[in-house]
There are 4 protein chains.
Amino acid sequence: MSAATALSGVVPPVCTPLSPDGEVDTRSLVRLVDHLIEGGVDGLFVLGSTSEVAYLPDGHRRVVLETVVGHVAGQVPVLAGAIDMTTLRVLDHAREAVRLGADGIVVTAPYYTRTHPAEIEGHFRSVASGAGVPVYAYDLPVSVHSKLGGDLLLDLGAEGVLAGVKDSSGDEGAFRSILLGRRERAGLDSFSVLTGGELTVDCALWMGADGVVPGLGNVDPHGYARLYRLARAGDWEAARVEQERLLRLFQFVTVGGTRMGGSSSALGAFKAALYLRGVIAHPTTAVPQIPLDEDEIATVGKHLSAADLL
Amino acid sequence: MSAATALSGVVPPVCTPLSPDGEVDTRSLVRLVDHLIEGGVDGLFVLGSTSEVAYLPDGHRRVVLETVVGHVAGQVPVLAGAIDMTTLRVLDHAREAVRLGADGIVVTAPYYTRTHPAEIEGHFRSVASGAGVPVYAYDLPVSVHSKLGGDLLLDLGAEGVLAGVKDSSGDEGAFRSILLGRRERAGLDSFSVLTGGELTVDCALWMGADGVVPGLGNVDPHGYARLYRLARAGDWEAARVEQERLLRLFQFVTVGGTRMGGSSSALGAFKAALYLRGVIAHPTTAVPQIPLDEDEIATVGKHLSAADLL
Amino acid sequence: MSAATALSGVVPPVCTPLSPDGEVDTRSLVRLVDHLIEGGVDGLFVLGSTSEVAYLPDGHRRVVLETVVGHVAGQVPVLAGAIDMTTLRVLDHAREAVRLGADGIVVTAPYYTRTHPAEIEGHFRSVASGAGVPVYAYDLPVSVHSKLGGDLLLDLGAEGVLAGVKDSSGDEGAFRSILLGRRERAGLDSFSVLTGGELTVDCALWMGADGVVPGLGNVDPHGYARLYRLARAGDWEAARVEQERLLRLFQFVTVGGTRMGGSSSALGAFKAALYLRGVIAHPTTAVPQIPLDEDEIATVGKHLSAADLL
Amino acid sequence: MSAATALSGVVPPVCTPLSPDGEVDTRSLVRLVDHLIEGGVDGLFVLGSTSEVAYLPDGHRRVVLETVVGHVAGQVPVLAGAIDMTTLRVLDHAREAVRLGADGIVVTAPYYTRTHPAEIEGHFRSVASGAGVPVYAYDLPVSVHSKLGGDLLLDLGAEGVLAGVKDSSGDEGAFRSILLGRRERAGLDSFSVLTGGELTVDCALWMGADGVVPGLGNVDPHGYARLYRLARAGDWEAARVEQERLLRLFQFVTVGGTRMGGSSSALGAFKAALYLRGVIAHPTTAVPQIPLDEDEIATVGKHLSAADLL
């Protein structure tokens, strides 16, 4: 992944398999990596939100990175989330990720604290200047409660501060403005624009996105790889059919209902699906998330069957 | 601070003085601790929001704790914020805080991730069971985007899971419900209820609060200590006059206006005031906050003069 | 209520009794007004949030105003909410209220649309210039999703644009800043500062507020009148005891739990209490609110008994 | 527009031209209607957010409806927003709209008050049962602060309660789930699914939407009509080029910057553009919006020139 070509394709945020006692289950993680690469993905994003990064202590983060980078051995690029509240904390994670061989890092706006556009800009500049690898902005208002400005992203891209953006804002109009702005400005050829959305990937690619970072890609990497290849080949009708199948499957993220938070339910469903498909050994999610019960796991199984994945 | 008596009085969240290159300025920190203790405070809360904990990497956090615990040497209790996104990360900070001698830790609800009351309860239970020192809940919706339920706090207090709460929610009705609930239920005598609000401390004490955790107490610990003693002595009129003086002083937190975030402005004003009062050597705030300029620092000085603090 | 003296005391937002078919039950409304005046209130605020103004069509609003103004016949001032989205719509309500004899109107910031401080200022100026009676600002972020600035309120008060503010923001620090600002600036002697909070009325009066607009005052006007008189007489201890009794009673607002919205539950509890106390003929709330069921109404009754109101 | 066929195509929310003194400028409104119909639109939506409905008193609303329904004379269907806080108020507007000849009404969830899914359902049921014309749900979280559930919409559609939805939520995944759900369930053939988004219309149509309700369609109805026809003809490449031209034009909505609210700026830009194109006589927006100044209007002109519209 040189600075001269934009990262593209399917880059799933890799789930972090855990043993029942909450440790990183590295054997399952290796199997998951194989499952993803065999499924045709173009890169891996570890330590993202879908990886339960918010739940993983630094020791777990380290084990994940070592395991994945070591096992991937350069077959595909590995991005690492350097997810923390502000600049110096992010830089600590970034340095560790670089030391362990990550090809790039993914960084949100500051959170927990009350921030400001000028501070967000300074944050990305400082992180990029200290990181030593390409930095991707992670636009995730649902977690950090601020939205990255499109002009800021393009300015920082043109200057070489940012290597790209993973847009999980859900603001498709703003996303498209970035795509158009990139096309019309100089110096942005290698600036990668990826969508974090899982349900309108055909549209995102149609609008000009380089790739997709789908949490659901853990469960069905073949599906997202197929969708991506179909779109690239211009077979948009087939891409749409594939996307619609994946959207139906995605409905299982609400399996936990109102007795738990949205994270517990969605990540629980992803992990239950990987468990039922035989990829990981345990459906365990990190504390303090509420685990799915047997009925809920059975419901996940029904969704898998309906999607021809069991 | 035994489990048998509730923490009470003035427990300021201690600012973290920084050198111009962003390191912890331990000489200034020691002077600040002396300034606070000499000012009559009853405890210290390090690594809270006012301490810029969101901006401090683990190394800085460690230096702060070592410096403060070492210098205080048991004169007053020292609470330490164990501020991170979820349980296992909080526990890492908690263990480090205990190792370094903190008398208690302060913990928020999970953030960054989408959470749920049942998960918040599990979070506090797990943290308390692993921490080994008293755990204080930190109710801070402006940062973590969820509000702690009063019944949950009282239940966990009665069970001995929580030693108290620092309420920075700004919801005075809910705060008072907790105070009444504590009075009417068994087993809550040593459950400490502290307000994080700086501007209605006389009222909070009037309603039955045990103490206050005022950011502004860095700048004028004598003022808050005086206010607390007056209230305890039943001289509410004089307490009110003191509170009103402090409220006028507090207006300086907006000195940075709209060119920076609220954190940069408020923490910048606190640190500028400490610098102008000769307590700390530099008004530096942590990146990526925007520093106050000379005019803004001069404005802080005018507020100090008006409050008879220069 | 002349422009020369600030409105003060207990000014409850009057519930709007409805018949089972959703019409204004004017006989019950008259009884409620008598209940309130006999309870010792100093003014009435009709067509506020507690009056279900958001649910009342213009015809209902008219009947309410006619009934209340006619029955009160000048015994106490009657304020009317002119609650609508923007200036011209508010002015229509304001003119109708004036025509029907309201002594003042109560007006929020614009809502539904995306607004701005400069637009909020223009809104109040236009409404005041067209209304022909004193205008009170209604600070209600929970409904209108913006907060009124304290400096704006004081500026508009000093200019005579606003006659006062009903602060239901829950931001006690900002509220106190207004109270201090009023004391320190010229021309604000008749600017009335009222709290919409029901649970810290002793504190609000202690800080200098002129009065209170308590929804719970429908159920127990004697209690709030007593609390107010005690505070004015300087018997703060007794005022506190009274406030604590009222706070315990207030817990019934959550009787509807999670099967309905907060408005259905709180207004349902108020009306059930008035029904059980024999003041109004039906506990009916306006569509599309969910009615309390028999068990929930029985629970309201238990709270009334505990507060010696049955 | 019979109940047997779903409303489809381009249905712009019609701006409300005002004279400098704030009255409805009916001559300009008639010209605007002609401009839209000549531009090839398939229906008109009056009294929506883009029509400044939040700013229009009932008298203005009436004039708008009379003028548009009278002038259109059945050439295309006319939908009318019945925009108000809760059921009975909405029904008043609905009856008036029906009396004046609207072919359908458009209704949001309750707002200003704290609501609940069960109350939202009851709201739509009551409105539909009383309205006498097809009811379209208007999903507009930015204004009403709650999101309509996809299952609720489909259930109410299958029952015949709702005739369709205008989705301005910006949640493209949820939107697509509705489109898939409609395809897979019986009884929804005439349930119309329209997007309120202006910048990804090609994608919405690609996903199966029936049509679009674009505010920007006031300024360039020919563009949206062209885009719609191209998509229907399967010429997606040309549709995309057209959408991208319109997206560039749309950038002018931020012309007012930070000195005004988003509504003032966007509606100001739309009206300035219509004024510069000679469609309406005055760029006046309703109070208390801040008017664009000469420089800002000139900037709008530059955007029009760049889009070949001047």
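Keep in mind it's a predicted model, so treat the numbers as computed, not measured. Per chain, residue numbering runs from 1 following the sequence as it is written. In the order they appear in the text, chains get letters beginning with A and ligands get numbers beginning with 1. The predicted nature of this model means local features are confined to residues of pLDDT at least 70 and side-chain atom pairs, given and counted, to a pLDDT of 80 or more, with totals for whole chains, interfaces and linings taken over all residues. Think of the side-chain values as coming from all heavy atoms in the structure, minus any hydrogens and water.

1. Re the relation of the copies chain C and chain D
Between the two copies of the chain lies a rotation about an axis combined with a shift along it. The copies are overlaid by a least-squares fit using only the C-alpha atoms of residues whose pLDDT is at least 70 in both copies. Taken as rigid bodies, chain C and chain D are interconverted by a rotation of 180° and an axial shift of 0.0 Å, the fit giving an RMSD of 0.0 Å. Between the two chains, the operation in question is that of a two-fold axis. Minimal C-alpha distance to the rotation axis in chain C is attained by C:Tyr112, lying at 4.0 Å. A shared binding surface is used by both copies, with 98% of the interface residues of chain C retained as interface residues in chain D. Contacts are residue-level and defined by heavy atoms, with any inter-residue pair within 4.5 Å sufficient.

2. Examining the nonpolar core
Residues A:Phe252, B:Phe252, C:Phe252 and D:Phe252 are the most contacted members of the largest nonpolar core, which totals 463 residues. Apart from the residues lying within four places of it in its own chain, the contact partners of C:Phe252 are C:Leu216, C:Val219, C:Ala269, C:Phe270, C:Ala273, C:Val300, C:His303 and C:Leu304. Side-chain atoms within 4.5 Å link the members of a nonpolar core, which is a set of buried Ala, Val, Leu, Ile, Met, Phe, Trp, Tyr and Cys residues. Buried means the residue's accessible area, taken with a 1.4 Å probe over protein chains only, is under 20% of the maximum for its type, while exposed means over 50%, and partly exposed covers the values in between.

3. Observations regarding the relation of the copies chain B and chain A
At an RMSD of 0.0 Å, chain B and chain A line up after a rotation of 180° and a shift of 0.0 Å along the axis. Comparing interface residues between copies, 98% of those in chain B also lie at the interface in chain A; the contact surface is shared.

4. Some thoughts on the confidence of the model for chain A
What pLDDT expresses is the predictor's confidence in each residue, scored from 0 to 100. Counting all residues, the mean pLDDT for chain A is 97, and 99% of those residues have values of 70 or more. The ipTM for the predicted assembly is 0.97, set against a pTM of 0.97.

5. Observations concerning helix α4 (residues 117-131) of chain B
Compared with the 21 Å implied by 1.5 Å per residue over 15 residues, the 21 Å span of α4(B) between its first and last C-alpha is a close match. Residues of α4(B) that are buried: B:Glu119, B:Ile120, B:His123, B:Phe124, B:Val127, B:Ala128 and B:Ala131. Projected down its long axis, α4(B) shows its buried positions confined to an angular sector of 165°, all on one face. Only DSSP runs of H or I covering at least 4 residues are called helices, and only runs of E covering at least 2 are called strands; the numbering of each starts at the N terminus. Residues of α4(B) that are buried in the fold lie against α11 (262-276) of chain A together with α3 (87-99), β4 (104-108), β5 (135-139) and α6 (150-158) of chain B. Looking one or two places after α4(B), you find B:Gly132, whose phi comes out positive at around 85°. The span expected for a helix works out to 1.5 Å for each residue beyond the first. Picture the helix axis, draw a direction to every C-beta atom, and the arc is the one those directions span.

6. Focus on the interface of chain C and chain D
Contacts between chain C and chain D engage 48 residues on the former and 47 residues on the latter. Buried area is understood as the total, over both parts, of accessible area removed when two parts are fitted together, assessed with a 1.4 Å probe. Carbon and sulfur atoms make up 58% of the surface buried where chain C meets chain D, a total of about 3,700 Å² over both sides. The term salt bridge refers to a side-chain nitrogen of Lys or Arg lying within 4 Å of a carboxyl oxygen of Asp or Glu. For the interface between chain C and chain D, the tally reads four salt bridges. The salt bridge involving C:Asp84 is made with D:Arg89; its shortest N-O contact spans 3.4 Å. Pairs of N or O atoms are called polar contacts if they sit within 3.5 Å, as long as, within protein, a hydrogen donor faces a hydrogen acceptor (for residues adjacent in sequence, only side-chain-to-side-chain pairs). The interface formed by chain C and chain D includes 25 residue pairs in polar contact (both at pLDDT 80 or more). Looking at the side of chain C that touches chain D, the elements that each hand over two or more residues are α2 (58-72), α3 (87-99), α4 (117-131), α5 (141-144) and α11 (262-276) of chain C. When residues of the side of chain C that touches chain D are assigned to their parent elements, the largest contribution, five residues, is made by α3(C). In this classification, the charged set is Asp, Glu, Lys and Arg, the nonpolar set is Ala, Val, Leu, Ile, Met, Phe, Trp, Tyr, Cys and Pro, and all remaining amino acids, among them Gly, are polar. Across the side of chain C that touches chain D, the residue classes break down as 21 nonpolar, 19 polar and eight charged.

7. Remarks on unusual backbone geometry
All names here are of chain B. Residues Val 287 and Pro 288 are joined by a peptide bond in cis, for which omega reads 0°. By secondary structure assignment, the location of Pro 288 is in the loop between α11 (262-276) and α12 (294-306). Residues other than glycine seldom take positive phi values, yet Leu 47 does so here, at roughly 65°.

8. Here's the deal with the pairing of strand β6 (residues 164-167) of chain B
All names here are of chain B. What you see with β6 is no split at all: Gly 164 and Lys 166 on one side and Val 165 and Asp 167 on the other are buried throughout. Here the rule is simple: two strands pair whenever DSSP picks up at least two bridges between them. Alignment of β5 against β6, held across four bridges, turns out to be parallel. Bridge pairing in β6 places Ala 137 opposite Val 165. In the sheet, β6 pairs with strand β7 (residues 192-195) via four bridges, with the strands oriented parallel. The residue bridging Lys 166 from the neighbouring strand is Leu 194, located in β7. A crossover links β6 with its parallel partner β7, the connecting element being helix α7 (residues 172-184), and its sense is right-handed. With strands facing away from the observer, any crossover in which the path from the first strand over the helix to the second runs clockwise is taken as right-handed.

9. A look at the packing of aromatic side chains
Note on aromatic contacts: the rings of Phe and Tyr and the six-membered ring of Trp form a pair at centre separations within 6.5 Å, being stacked when their planes are under 30 degrees apart, edge-to-face when over 60 apart, and tilted otherwise. Applying the stated criterion across every chain, the model contains 18 aromatic pairs over all chains. Arranged with centres 5.9 Å apart and planes meeting at 75°, the rings of A:Phe45 and A:Tyr138 form a pair that is edge-to-face. Taken together, the residues span a long stretch of sequence, with A:Phe45 in strand β2 (residues 44-46) and A:Tyr138 in strand β5 (residues 135-139) at a distance of 93 residues. Every member of this aromatic cluster is reached through a ring pair, and the members are A:Tyr111, A:Tyr112, B:Tyr111 and B:Tyr112. Here, a charge over a ring means that NZ of Lys or CZ of Arg falls within 6 Å of the ring centre while also lying within 35 degrees of the ring normal. When the ring centre of D:Trp206 is taken as origin, the NZ or CZ atom of A:Arg240, which lies over that ring, is 4.1 Å away.

10. Looking at the interface of chain B and chain A
The extent of an interface is frequently quoted as the accessible surface area lost upon association of the parts. On the side of chain A, 47 residues touch chain B, which itself brings 48 residues to the contact. Per-residue buried area on chain B facing chain A is highest for B:Arg89, B:Tyr112 and B:Glu119; these three make up 22% of the total on that side. Linking chain B to chain A there are four salt bridges. At the surface where chain B touches chain A, the tally comes to 23 residue pairs in polar contact (both at pLDDT 80 or more). Looking at the side of chain B that touches chain A, the elements with two or more residues in it are α2 (58-72), α3, α4, α5 (141-144) and α11 of chain B. Ranked by the residues each element gives to the side of chain B that touches chain A, the list is headed by α3(B), at five residues. Considering only residue class, the side of chain B that touches chain A consists of 21 nonpolar, 19 polar and eight charged.

11. What about helix α9 (residues 221-232) of chain D?
All names here are of chain D. The first and last C-alpha atoms of α9 sit 16 Å apart over twelve residues, in line with the 16 Å expected at 1.5 Å per residue. Restricting attention to buried positions, one finds in α9 the residues Pro 221, Gly 223, Tyr 224, Ala 225, Leu 227, Tyr 228 and Ala 231. Count one or two residues on from α9 and you reach Gly 234, which has phi positive near 85°.

12. As for the environment of D:Met207
Structurally, the position occupied by D:Met207 is in helix α8 (residues 201-207). For D:Met207, a relative accessible area of 1% translates into the label buried. The spatial distance from the C-alpha of D:Met207 to the C-alpha of D:Leu179 is 7.3 Å, given a sequence separation of 28 residues. Among all residues touching D:Met207, those that are not within four sequence positions of it are A:Thr200, A:Cys203, D:Glu172, D:Phe175, D:Arg176, D:Leu179 and D:Arg183.

13. Here's the deal with the sheet that holds β4(B)
Sheet strands pair by backbone hydrogen bonding; their relative direction is either parallel or antiparallel. All names here are of chain B. Read from one edge to the other, the open sheet built from eight strands follows the order β1-β8-β7-β6-β5-β4-β3-β2, with strand pairing classed as parallel. Unpaired on one side and paired on the other, β1 (9-10) and β2 (44-46) mark the two borders of the sheet. Here an axis means a line fitted to C-alpha atoms, over the contact stretch when the element is a helix, while the angle between two N-to-C directions is reported on a 0 to 180 degree scale. The sheet strands contacting α4 are β4 and β5, and the helix crosses β4 at an angle near 160°.

14. Side note on the packing of helix α1 (residues 26-38) of chain C against α2(C)
Any two packed helices are characterised by how steeply their axes cross, that is the angle between the axes, and by the distance between the axes. All names here are of chain C. Put simply, α1 and α2 touch, their axes get as near as 10 Å, and they point 45° apart. Comparing their axes, α2 and α1 come out oblique. For the pair α1 and α2, the crossing hand works out as right-handed. For the pair α1 and α2, the contacting residues are Thr 26, Leu 29, Val 30, Val 33, Asp 34 and Ile 37 in the first and Val 63, Val 64, Thr 67, Val 68, His 71 and Val 72 in the second. When describing relative orientation, an angle under 35 degrees is termed roughly parallel and one over 145 degrees roughly antiparallel, while 65 to 115 degrees is termed roughly perpendicular and anything else oblique. Working rule for handedness: look at the near helix, and if it is turned counterclockwise from the far one by less than a right angle, call the crossing left-handed; if clockwise, right-handed.

15. Concerning the pattern of salt bridges
All names here are of chain C. Evaluation of the coordinates by the stated rule reveals 88 salt bridges over all chains. Of the charged contacts, one joins Glu 242 and Arg 245 as a salt bridge, the two residues approaching to 2.5 Å between their closest N and O atoms. Within this pair, Glu 242 and its partner Arg 245 are both found in helix α10 (residues 236-250), separated by three residues, close to a single helical turn. Both residues of the pair, Glu 242 and Arg 245, belong to the buried class. For Arg 259, the salt bridge identified is with Asp 293, shortest N-O distance 3.8 Å.

16. Regarding the side chain of C:Gln243
Note on placement: C:Gln243 falls in helix α10. When neighbours within four sequence positions are excluded, C:Gln243 is seen to be in contact with B:Arg176, C:Glu198, C:Leu199, C:Thr200, C:Val201, C:Asp202, C:Tyr224 and C:Leu227.

17. Focus: the arrangement of the chains
Looking at chain A next to chain C, you find no contact at all, with the nearest C-alpha pair sitting 11 Å apart. There is no contact between chain B and chain D; across them, the least C-alpha separation is 11 Å.

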